[in-house]
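# Chains, contacts and geometry: an overview
Each chain is listed here by its residues.
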Amino acid sequence: MIKNYLLHITLYKSLFLASFVMLMMACKSTKNVEQTLVEAPIEKTKVVEEEEPKEELGDILTEYLSLKYPDKNFDKYLYISVKHQKMYLIENGKTVKTYPISTAKKGIGSHQNSNKTPPGLHTVKRKIGEEVPLGGILEAREFNGKLAEIITDKRKADGDYVTTRILWLDGEEVGINKGRNVDSYNRYIYIHGTPEEGFIGQPASHGCIRMKNTDVIELYDIIDEGTPIYILKR
């Protein structure tokens, strides 16, 4: 009986020691795991900037304009993005030319004396300045025989000159850019050259759409009177 009792004690002691060893190993293993844990890297939130309109925009915009203005032909037209300060020449739904521009410093608006660029659909009513030399100053739409200094850095000219070429815009939407005190044609809204080329690419005009002088000559030669122009804030 005593022998059996000692046998049981020995067995329990062995089991206890085995359990204790396993427990210690488990603790050590857990400690090692805890020590080797590496914090997952925190992903930085990327700021996604709105991209400029892509070439395929021409196809979408052409379809939209054709539905909105079914009496107009949009085989060839200009789209002006005030947000991106760009002008896009679109032919048959494809963007074929992009020009940097400068719209009004005061933003979008149609009212007389607002000094803002009018939104919406326009057409080229008149083209002026066929024989005017690059940088030639147009006063009341006539070449005055003088040439402006073309400034390519961010400096103001000594006057708010209209240079080289004029595309005179006519509004097509009554109450938005045509009629009463919101009439783009009566406000003398032009696409024209400017001596202040250093400001092209940012809002700087008094309502008109300014272009670099070489660009406005090129545009003048490829755009006809009656060409639609769509001006949009975006």
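Residues numbered from 1 in each chain as written. Predicted model: local features only at pLDDT ≥ 70, side-chain atom pairs only at ≥ 80, totals over all residues. Heavy atoms only, no water.

Confidence in the prediction for the protein averages 85 pLDDT; 76% of positions are at 70 or higher. Per-residue pLDDT stays below 50 along residues 1-38; that stretch engages in 0 contacts with residues further than four places along the chain or on separate chains. (pLDDT = per-residue confidence, 0-100. Contact = heavy atoms within 4.5 Å.)

Now for unusual backbone geometry. In this structure, N115 is a non-glycine residue whose phi angle is positive, near 60 degrees. Inspection of the secondary structure puts N115 in the loop between strand 3 (94-100) and strand 4 (120-128). Under the relative-accessibility criterion, N115 is labelled partly exposed at 30%. (Helix = DSSP H or I, 4+ residues; strand = E, 2+ residues; numbered from the N terminus. Buried < 20%, exposed > 50% of the residue type's maximum accessible area, 1.4 Å probe, protein only.)

This part takes up helix 2 (residues 57-68). Compared with the 16 Å implied by 1.5 Å per residue over 12 residues, the 16 Å span of helix 2 between its first and last C-alpha is a close match. G58, L61, T62 and L65 are the residues of helix 2 that are buried. Buried residues along helix 2 cover an arc of 105 degrees about the axis, so they all sit on one side. In helix 2, the exposed positions that point more than 90 degrees away from the buried face belong to I60, E63 and L67. Those residues of helix 2 that are buried lie in contact with strand 1 (76-81), strand 2 (86-91), strand 3 and strand 10 (228-232). (Expected span 1.5 Å × (residues − 1). Arc of directions from axis to C-beta.)

A separate point is the nonpolar core. The biggest cluster of nonpolar side chains holds 20 residues, and the ones touching the most others in it are M87, I191, I209 and L219. Elements with a contribution of two residues or more to this core: strand 1, strand 2, strand 7 (163-171), strand 9 (209-211), helix 3 (213-222) and strand 10. Of all the elements, helix 3 adds the most residues to this core, at 3 residues. The residues touching I191, leaving out its near neighbours within four places in the chain, are L78, M87, R165, I166, L167, L169, I209, M211, V216, L219 and I229. Judged by nonpolar contacts, the second largest core, of 10 residues, contains Y69, F74, Y77 and Y79. (Core = buried A, V, L, I, M, F, W, Y, C linked by side-chain atoms within 4.5 Å.)

Right, let's get into the pairing of strand 7. By the criterion of burial, strand 7 is predominantly enclosed, with 9 of the 9 residues buried. Bridge count between strand 4 and strand 7: 6 bridges; the pairing is antiparallel. Note that in strand 7 the partner of H122 across the bridge is G171. Sheet topology note: the strand 7/strand 8 (residues 190-193) ladder contains 4 bridges and is antiparallel. The residue of strand 8 that forms the bridge with L167 is I191. (Pairing = 2+ DSSP bridges.)

Looking now at the environment of N177. Of note, N177 is situated in the loop between strand 7 and strand 8. In this structure, the C-alpha to C-alpha distance between N177 and P119, residues 58 residues apart in sequence, is 7.1 Å. Other than its neighbours up to four places away in sequence, N177 contacts S110, P118, P119, G120, L121, H122, G171, E172, V182, D183 and S184. For N177, the side chain forms a polar contact with the main-chain oxygen of P119, separated by 2.9 Å. (Polar contact = N/O pair within 3.5 Å; in protein donor to acceptor, adjacent residues only side chain to side chain.)

Here the structure, examined in full by the defined rule, presents 7 salt bridges. Residue E172 is joined to K72 by a salt bridge in which the shortest nitrogen-to-oxygen separation is 3.1 Å. Of this pair, E172 sits in the loop between strand 7 and strand 8 while K72 sits in the loop between helix 2 and strand 1, placing them 100 residues apart in sequence. According to the relative accessible area criterion, K72 is partly exposed, its value standing at 26%. Close ionic contact of K97 with E218 constitutes a salt bridge, the shortest N to O distance being 3.3 Å. In this pair, K97 is assigned in strand 3 and E218 in helix 3, connecting sequence segments 121 residues apart. You can call E218 partly exposed: its relative accessible area is 31%. (Salt bridge = Lys/Arg side-chain N within 4 Å of Asp/Glu carboxyl O.)

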